[in-house]
Amino acid sequence: EFLTRPFEDFIKSSDIISNLERAIANRQKITISYKTNKMITYRDIHPYKMVFMNENLYLICEVDGSSQIFRVRNINKAELSKHTFHQNPHIIEFLKKIQTPFSVYKKDEKNEIEVLLKINDKKARFFKNKKFLKSQKIEQNLENGDIVVKYTVTNFNEITSFILSWLPNVEVLEPKELKDEINTM
């Protein structure tokens, strides 16, 4: 028995999911009707993949050369186009590295940020026993039992709440901008 369950009601979305799967398989452009904060917007997208993360189903797609992630539950309609698209190789690479619903690939921008965290000896064992994000790598074991862990993220949103959940047992070493952001929270 699983202790966590998907938040989505997939039965209500089955027709939409079928259309998304067909569009992904055939590389067809689609127009989605998407609900955000009581507003409905229409977007023309190139769908790449559906992924199940954090107990929710997401659609990863390309919009104007950059990646965008939509929660499938908020898609009200998915209309297939007769037009197809060529997959962007940068987004294909991005898909291999995606870690959270906050991951982002932006055209013509640096898309990887290295984050170094120092984990105190009281919590180091958790990081040695579990990879919290796909990019997690233990860089250094310090003599006092602390460890230095490296993550590669696409933006600070991917890791900020994770860091906050481990305070005061975690210290941001790099980058300075993230360290300053965490220290002001």
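Rules used in this analysis
- Residues numbered from 1 in each chain as written.
- Predicted model: local features only at pLDDT ≥ 70, side-chain atom pairs only at ≥ 80, totals over all residues.
- Heavy atoms only, no water.
- Helix = DSSP H or I, 4+ residues; strand = E, 2+ residues; numbered from the N terminus.
- Buried < 20%, exposed > 50% of the residue type's maximum accessible area, 1.4 Å probe, protein only.
- Areas by Shrake-Rupley, 256 points an atom, 1.4 Å probe, with all protein chains shown as cover.
- Lys, Arg positive; Asp, Glu negative; His and termini not counted.
- Charge placed at Lys NZ, Arg CZ, Asp CG, Glu CD.
- Salt bridge = Lys/Arg side-chain N within 4 Å of Asp/Glu carboxyl O.
- Contact = heavy atoms within 4.5 Å.
- Patch = residues over 30% accessible without salt bridge, like charges linked within 9 Å, V, L, I, M, F, W, Y side chains within 5 Å.

Notes on the overall build of the protein chain
Part 1 of the argument: When helices and strands are counted, the protein chain shows five helices and nine strands.
Part 2 of the argument: Overall, the protein chain shows an N-to-C arrangement of helices and strands of α-β-β-β-β-β-α-β-α-β-β-α-β-α.
Part 3 of the argument: Among the 185 residues that make up the protein chain, the fraction classed as buried is 42%.
Part 4 of the argument: A total accessible area of about 11700 Å² is found for the protein chain, and carbon and sulfur atoms account for 49% of it.
Part 5 of the argument: Seen as two clouds, the 30 positive and the 25 negative side-chain charges of the protein chain have centres 4 Å apart.

Quick word on the pattern of salt bridges
Part 1 of the argument: The tally for this structure, following the rule as stated, stands at eight salt bridges.
Part 2 of the argument: For K77, the salt bridge goes to E79, with nearest N and O atoms at 3.3 Å.
Part 3 of the argument: What makes K77 partly exposed here is its relative accessible area of 45%.
Part 4 of the argument: For the salt bridge of E114 with K150, the shortest nitrogen-to-oxygen distance reads 3.6 Å. Here K150 lies in strand β8 (residues 147–153) and E114 lies in strand β6 (residues 113–119), a separation of 36 residues in the sequence.
Part 5 of the argument: K150 gets classed as buried once you look at its relative accessible area, which sits at 18%.

Here's the deal with the environment of I75
Part 1 of the argument: Assignment of secondary structure puts I75 in strand β5 (residues 75–84).
Part 2 of the argument: A residue is classified by how much of its surface remains accessible, and I75, at 2% relative accessible area, is buried.
Part 3 of the argument: In sequence terms I75 and Y34 are 41 residues apart; their C-alpha atoms lie 4.6 Å from each other.
Part 4 of the argument: With residues near it in sequence (within four places) discarded, I75 still touches I16, L20, I32, S33, Y34, L59 and F70.

Things to note about a nonpolar patch on the surface
Part 1 of the argument: A cluster of nonpolar side chains, contributed by L164, L167 and M185, occupies part of the molecular surface with about 270 Å² of accessible area.
Part 2 of the argument: Within the element layout of this structure, M185 appears in the segment after α5 (176–183).
Part 3 of the argument: M185 sits in the exposed class, given a relative accessible area of 56%.

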